[in-house]
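Take a look at the letters that make up each chain.
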Amino acid sequence: QVQLVESGGGLVQAGGSLRLSCAPSGRTVSSYAMGWFRQAPGKEREFVAAISWNGGSTTYSDSVKGRFTISRDNAKNMVYLQMNSLKPEDTAVYYCAARGSGRYHATHPILYDYWGQGTQVTVSS
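A short tour of the structure in this document, coming up. Predicted model, so just to flag it, every value in this text is computed and none were measured.

### Regarding the overall build of the chain
Phase 1: Helix and strand counts for the chain come out as zero helices and eleven strands.
Phase 2: What you see in the chain, going N to C, is helices and strands ordered as β-β-β-β-β-β-β-β-β-β-β.
Phase 3: The proportion of buried residues among the 125 residues of the chain is 43%.
Phase 4: Residue pairs in contact within the chain that sit at least 24 positions apart in sequence constitute 59% of those at least 6 positions apart.
Phase 5: Counting only carbon and sulfur atoms, one obtains 47% of the accessible surface of the chain, whose full area is about 6200 Å².
Phase 6: In the chain, 12 side chains carry a positive charge and 8 a negative one; their mean positions are 6 Å apart.

### Examining the nonpolar core
Phase 1: If you look at the biggest cluster of nonpolar residues, it comprises 28 residues, and the most contacted ones within it are M34, W36, L81, M83 and Y94.
Phase 2: Looking at this core, the elements that each hand over two or more residues are strand 3 (18–25), strand 4 (33–39), strand 5 (46–51), strand 7 (68–73), strand 8 (78–83), strand 9 (92–99) and strand 11 (119–124).
Phase 3: Looking at which element gives the most residues to this core, the answer is strand 9, with four residues.
Phase 4: Ranked by size, the runner-up nonpolar core spans six residues in total, among them F47, A97, A106 and Y112.

### Thoughts on unusual backbone geometry
Phase 1: Backbone geometry at N77 places phi at a positive 55°, although glycine is not the residue there.
Phase 2: Looking at the element boundaries, N77 is found in the loop between strand 7 and strand 8.
Phase 3: Notably, S85 is not glycine yet its phi reads approximately 50°, a positive angle.
Phase 4: Tracing the backbone shows S85 in the loop between strand 8 and strand 9.

### Examining the state of the cysteines
Phase 1: With the rule as written, the count across this model stands at one disulfide.
Phase 2: The partner cysteine of C22 in its disulfide is C96, sulfur to sulfur 2.0 Å. Here C22 and C96 share a disulfide; its torsion about the S-S bond, -80°, makes the bridge left-handed. In this pair, C22 is assigned in strand 3 and C96 in strand 9, connecting sequence segments 74 residues apart. Residue C22 shares its accessibility class with C96, and that shared class is buried.

Reading the values: rules and limits
Residues numbered from 1 in each chain as written. Predicted model: local features only at pLDDT ≥ 70, side-chain atom pairs only at ≥ 80, totals over all residues. Heavy atoms only, no water. Helix = DSSP H or I, 4+ residues; strand = E, 2+ residues; numbered from the N terminus. Buried < 20%, exposed > 50% of the residue type's maximum accessible area, 1.4 Å probe, protein only. Contact = heavy atoms within 4.5 Å. Areas by Shrake-Rupley, 256 points an atom, 1.4 Å probe, with all protein chains shown as cover. Lys, Arg positive; Asp, Glu negative; His and termini not counted. Charge placed at Lys NZ, Arg CZ, Asp CG, Glu CD. Core = buried A, V, L, I, M, F, W, Y, C linked by side-chain atoms within 4.5 Å. Disulfide = S-S within 2.5 Å.

So this is what it looks like as structure tokens:
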């Protein structure tokens, strides 16, 4: 079993930056693809970014491409989401997810096996 704990969320002005962290526990996720998703009030959970098991491949949603960067440090068993040039429409609860069944990234939430509780990101205009 894998437990995921997100941190780093908060309130930031538009144009600012935040760095989210995801700390897995229970077992190492070094062989798992990892992803970040977000959910705004009244909306469905949407894909943000994902990274392959060794960090060699990443993918992003069009809405965050060029502004967000996903990374991982398998030695520390950590995953990160650097968010720059934040916009009010980025306001959401951000979730870290682990794909225990696959090493390569995926964009559909159904393909992820483990989820964190989420961290709130609020971007003011």
